[in-house]
Each structure stands twice: as C-alpha cells, then as structure tokens.
Amino acid sequence: MPDETKSPTPPPPENEKPTAGQPATPGGVKSTPSGSVQSEAKTTPTKPSPPAETSTPTKAATPATPAKPAAPATAKPAPPAAAGERPAGHPTPPKPTGPVPTPWDSPLVAKFKRIYGSGINALTHLGQNYFEVDQSLIPDILQLLRDDDQFDYCVDLTAVHYPKREKQFDVVWVLYSFTRNERIRVKTQIADGASLRSSVPLWETCNWLEREVYDMFGIKFDGHPDLKRILLPEGWKGFPLRKDYGILQQDSEWVQINLGIESGQ
C-alpha cells in the first residue's frame, strides 16, 4: 500500500504541557490502538467551585432592657385642716379609756366597813389604796387610823378644785405607817366656804400643810393654831390653785400699794 500522506500537525499551544504517562500528541490528536489518530475534543477545565459560604453565626439576641417602672403618681397633699377640724372621711376616734378605780378589799377595809358601813368607800387606783369618806366622819376615821392602825405619819395634805361640781373640793390626806410599811389615802368632798377640823393635834406636820391648802384654795381648818397664808403675803386677794384663777392673774392693787409698780408680770 502506498504510504499515506499525513498533513502536518500544528504545534500544541505553548501553555499546554503533556501529562505524565501520556505522550504529547501534536495538534490535539491522539493515536488509537490501530495506529490511526483522531482529534481530541478539547475540554475546558472547570473552575473549582468556591467553597460554600459558611453562614455567619447569628449573634445572640441582646436581652431587651426591662422597661423602667413608671414613677408613682405623687398625690398632692391635702390643704391643712383648720384648727379643731378633722379631714373629711376621718371621723374623730373615741377617746381611749384610761385606768379606772376598782374596789379595794383587805382586812383593814373589812374592819372600817363594819364600823362605818356606807359612810366609807374603799377603792384602789394604779396601786394606790384610798378611802372615800363622808365629811362628817373625817375626824373619827383619821383618829382611828393613827391610834389603832399605826398610821403615825401624815406625808401630805392637799386639795383639788372641781368648779362645776356642787361640792367643789376634794381634800386628801396621805398617811404612812412605818410599822406596817403601808400607805393609805383618805379623801373627802367639801363645798366652797365649808371648813374642816384641823388635824394638827394628830400629826404636827399638818400645821404647814393646812396653811398651804388655805393659802392656795381658801379652805379653812377649824382649831388650827396659826392659820394664815404661807406662800403669798397677807392681804392678797384670790387663791391661785383654784381652776377659776387665771394663770396670769394677780392682785394688782396689792402690787401697786406694796411694791409701788403697776404690774408684777
């Protein structure tokens, strides 16, 4: 067979290099097992696909700032109530009840009850024991307390003024027994202008005590050895511890005559 004339094969592109184990075939042809050649389809190398974008991790949601609590509405203060008035809707509460006297019972009480019956009332108040006695029984009861029950010391003698009462004055003897270590009060009521028998013969301490009661309240004690004022000067008008005697009241006439001034205030 005549030799086949082969057309020259164009040289391969400069940038294409033969791979290992495969001889370069010019013109992009390759030989077959039979010795013939065939053109090789040029394959365009595919670009490697870029790696899938990794998703950016989602930032954790910032916790919402709790809303500030609304400021409580400030109520406007109510205008002050006038003196002696209470705000509307606030009724005046009842006055609290304080301690009250309760009956007092003891052998001493039983003894005097047997003698004087209803003329004596025995009570106790905040630990203080006392007799309420009819005015006519005062001399006998005081004498009996001193002689039989050994109340040999008169601690005090005073008075209290109740202007709205018919018998305006309470007169009170405070007695103490050293032997019994016991204290007792004896109280009676008298009207304005009435008098009582002096207790100076029983307890000499009553001398100045009765003078003070006379000076401050105007209560007289019959049989007192020297009943006269002890705090205020003789001739002073009025009795300062009576409730109807003003706190700034004074005997202006006495002040002008004896001190030579208009007022002692």
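S.K.: Help me get a handle on the overall build of the protein chain, residues and values and all.
M.R.: A count of helices and strands for the protein chain gives four helices and ten strands. Going residue by residue from the N terminus, the α and β elements of the protein chain occur as β-β-β-α-β-β-α-β-β-β-β-α-β-α. Within the protein chain, the fraction of its 265 residues that count as buried is 26%. Here the contacts in the protein chain between residues at least 6 apart in sequence split such that 43% fall between residues at least 24 apart. Within the structure as shown, the protein chain displays about 19800 Å² of accessible surface, and the carbon and sulfur contribution to it stands at 55%.

S.K.: An account of the nonpolar core is requested, with residue identities and associated values reported.
M.R.: The biggest cluster of nonpolar side chains holds 37 residues, and the ones touching the most others in it are Phe112, Phe131, Trp173, Leu175 and Ile219. Mapped onto this core, the elements with two or more residues apiece are helix H1 (107–116), strand E4 (120–125), strand E5 (128–133), helix H2 (138–147), strand E6 (153–161), strand E7 (169–177), strand E8 (182–190) and helix H3 (206–217). Apart from the residues lying within four places of it in its own chain, the contact partners of phenylalanine 112 are Gly117, Ile120, Phe131, Ile141, Leu144, Leu145 and Asp149.

S.K.: Outline the packing of H1 against H2, listing residues and values.
M.R.: In the contact formed by H1 and H2, the axes pass within 13 Å of each other and the chain directions differ by 145°. Considering only the axes of H1 and H2, their crossing is right-handed. In this structure, H1 uses Phe112, Ile115 and Tyr116 to contact H2, whose residues at the interface are Asp140, Ile141, Leu144 and Leu145. Among the residues forming the contact of H1 with H2, the class breakdown is six nonpolar, no polar and one charged.

S.K.: A description of the pattern of salt bridges should follow, citing residues and the corresponding values.
M.R.: The final tally for this structure, using the stated rule, is eight salt bridges. When the shortest N-O distance is used, the salt bridge between glutamate 182 and arginine 180 registers 3.0 Å. Its relative accessible area of 33% is what places arginine 180 among the partly exposed residues. Across the salt bridge formed by aspartate 226 and lysine 228, the nearest N and O atoms sit 3.7 Å from each other. Accessibility expressed as a relative area gives 36% for aspartate 226, which makes it partly exposed.

S.K.: Report on the side chain of glutamate 210, specifying residues and quantitative values.
M.R.: Mapped onto the secondary structure, glutamate 210 falls in helix H3. Lacking a salt bridge, the buried glutamate 210 has arginine 211 as its closest oppositely charged neighbour, with an N-O distance of 9.3 Å. Only 2.7 Å separates the side chain of glutamate 210 from the backbone nitrogen of serine 199, close enough to count as a polar contact. Ignoring sequence-local partners within four residues, the contact set of glutamate 210 consists of Leu157, Ser198, Ser199, Val200, Phe221, His224 and Leu227.

S.K.: I'd like a rundown of the state of the cysteines, residues and numbers included.
M.R.: Note: disulfide means a covalent bond formed between the sulfur atoms of two cysteine side chains. All told, the structure shown has zero disulfides when counted by the stated rule. Distance from the sulfur of cysteine 154, which forms no disulfide, to the nearest cysteine sulfur (cysteine 206) is 3.6 Å. Accessibility expressed as a relative area gives 1% for cysteine 154, which makes it buried. Among the residues examined, cysteine 206 registers a relative accessible area of 0% and is labelled buried.

S.K.: A description of the packing of aromatic side chains should follow, citing residues and the corresponding values.
M.R.: We describe a pair of aromatic rings using the distance from one ring centre to the other and the angle between the two ring planes. Taken as a whole and judged by the stated rule, the model has six aromatic pairs. Between phenylalanine 112 and tyrosine 116, the ring centres sit 6.2 Å apart and the planes meet at 25°, which makes this aromatic pair stacked. Taken together, the residues phenylalanine 112 and tyrosine 116, both in helix H1 and four residues apart, mark about one turn of the helix. We note that phenylalanine 112, like tyrosine 116, is buried. An angle of 50° between the planes, with centres 5.4 Å apart, marks the rings of phenylalanine 112 and phenylalanine 131 as tilted. Taken together, the residues phenylalanine 112 in helix H1 and phenylalanine 131 in strand E5 connect sequence positions 19 residues apart. Assigned by exposure class, phenylalanine 112 and phenylalanine 131 land together as buried. Taken together through their ring pairs, the aromatic side chains of Trp104, Phe112, Tyr116 and Phe131 make up a single cluster. Lying over the aromatic face of tyrosine 162, lysine 243 brings its terminal NZ or CZ to 5.7 Å of the ring centre.

Procedures and definitions
Residues numbered from 1 in each chain as written. Predicted model: local features only at pLDDT ≥ 70, side-chain atom pairs only at ≥ 80, totals over all residues. Heavy atoms only, no water. Helix = DSSP H or I, 4+ residues; strand = E, 2+ residues; numbered from the N terminus. Buried < 20%, exposed > 50% of the residue type's maximum accessible area, 1.4 Å probe, protein only. Contact = heavy atoms within 4.5 Å. Areas by Shrake-Rupley, 256 points an atom, 1.4 Å probe, with all protein chains shown as cover. Core = buried A, V, L, I, M, F, W, Y, C linked by side-chain atoms within 4.5 Å. Axes fitted to C-alpha atoms, helices over the stretch in contact; angles between N-to-C directions. Left-handed = near helix turned anticlockwise from the far one by under 90°. Nonpolar A, V, L, I, M, F, W, Y, C, P; charged D, E, K, R; others polar. Salt bridge = Lys/Arg side-chain N within 4 Å of Asp/Glu carboxyl O. Lys, Arg positive; Asp, Glu negative; His and termini not counted. Polar contact = N/O pair within 3.5 Å; in protein donor to acceptor, adjacent residues only side chain to side chain. Disulfide = S-S within 2.5 Å. Phe/Tyr/Trp six-rings, centres within 6.5 Å; stacked < 30°, edge-to-face > 60°. Lys NZ or Arg CZ within 6 Å of the ring centre and 35° of its normal.

Function cannot be read off these values alone, since they describe shape.
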